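A structural walkthrough
Here are the chains, one letter per residue:
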Amino acid sequence: METDHIFIKVKHNAPEAELLKKIGLTEGSSNQHAGQGTANRRFFFKNFCIELLFVEKIDECQNETTSQLHLFERLTSNSLNIAPFGICFRPTSQNESAAPFPCRDYKPRYLPTPLNIDVAPINLAEPMWFYLSFSKRPDEAPAESRQPLEHPAGINELTSVRLITPDSENLSPAAICASKLHNFAIAEGKEYLLELEFDEHAQQKKYDLRPHLPLIMYW
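Just so we're clear, the structure is a prediction, and the values are computed from it rather than from any experiment.

1. Section: the overall build of the protein
On a plain count of helices and strands, the protein comes out with four helices and 13 strands. The C-alpha atoms of the protein give 16 Å as radius of gyration, which agrees with the globular expectation for 219 residues (17 Å, within 12%). Across its three principal axes, the protein shows a C-alpha extent of roughly 45 × 45 × 40 Å. Out of the 219 residues belonging to the protein, those deemed buried represent 50%. The contacts of the protein with a sequence gap of at least 6 include a subset with a gap of at least 24, amounting to 64%. A total of about 10700 Å² of accessible surface is found on the protein, and carbon and sulfur atoms cover 48% of it. Counting 22 positive and 29 negative side-chain charges, the protein places the centres of these two groups 4 Å from one another.

Encoded structure:
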């Protein structure tokens, strides 16, 4: 498996997106997740997507189906013990038909039949781990539905992910599985943080988006 996209908790309507545009990223299309009560703003790269996720409709985010994901708590709480991320994986080949970690099916209303999302057991102290068996790289999308992949900053592909978490000792099976990927690391720190490296840090540039986003980008 490989990293497909990462969502980050943001304020309503994701004003934090302007920070990413300021450093030279081109914004793609946004989504409203019918029946799930969330919406986003997104930035696409050749092999990856950053999703800024927020609650749009409280009642839908707390309905019987969605409440099992605890998205409302993850996206609205200010607790320092709740990870403000979700990390999604996809297959690296056609031979991977299912997630390599324990999951259950989640069937949101916005997904067409027969598609579903494989979601690991929810532990709010960790990111929401999930898997899209049907997903592909953004640069493999048909031309008519392809998102903008060219950025003024000259950023192309995600090359590594480093997740900082207050507790790196008691990891879930999904986290352990992720940590075994050659370009995915989990380390312990005082607060939740994502470090994303693009293009193997070829330009030797770095941008720390804290305190607005728990994110450091290298390219």
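2. Quick word on the packing of aromatic side chains
The description of two aromatic rings rests on the distance between their centres and on the angle between their planes. Across all of its chains, the model carries eight aromatic pairs by this definition. Ring geometry for Trp129 versus Phe184: centroids 6.1 Å apart, planes at 55°, classification tilted. In this pair, Trp129 sits in strand β8 (residues 128-131) while Phe184 sits in strand β10 (residues 184-188), placing the two residues 55 residues apart along the sequence. For the pair shown, Trp129 and Phe184 are each scored as buried.

3. Quick notes on the pattern of salt bridges
One pass over the full model with this rule turns up 11 salt bridges. Lys21 serves as the salt-bridge partner of Glu27, at 3.8 Å between the closest nitrogen and oxygen. According to the relative accessible area criterion, Glu27 is partly exposed, its value standing at 22%. Judged by its relative accessible area of 36%, Lys21 falls in the partly exposed class. Residue Glu157 pairs with Arg137 through a salt bridge whose shortest N-O separation is 2.9 Å. With Glu157 in the loop between β8 and β9 (158-165) and Arg137 in the loop between β8 and β9, this pair connects stretches of sequence that are 20 residues apart. Linked through salt bridges whose partners overlap, the residues forming this network are Glu18, Lys21, Glu27 and Arg41.

Conventions used here
Residues numbered from 1 in each chain as written. Predicted model: local features only at pLDDT ≥ 70, side-chain atom pairs only at ≥ 80, totals over all residues. Heavy atoms only, no water. Helix = DSSP H or I, 4+ residues; strand = E, 2+ residues; numbered from the N terminus. Rg over C-alpha atoms; globule rule 2.2 N^0.38 Å. Buried < 20%, exposed > 50% of the residue type's maximum accessible area, 1.4 Å probe, protein only. Contact = heavy atoms within 4.5 Å. Areas by Shrake-Rupley, 256 points an atom, 1.4 Å probe, with all protein chains shown as cover. Lys, Arg positive; Asp, Glu negative; His and termini not counted. Charge placed at Lys NZ, Arg CZ, Asp CG, Glu CD. Phe/Tyr/Trp six-rings, centres within 6.5 Å; stacked < 30°, edge-to-face > 60°. Salt bridge = Lys/Arg side-chain N within 4 Å of Asp/Glu carboxyl O.

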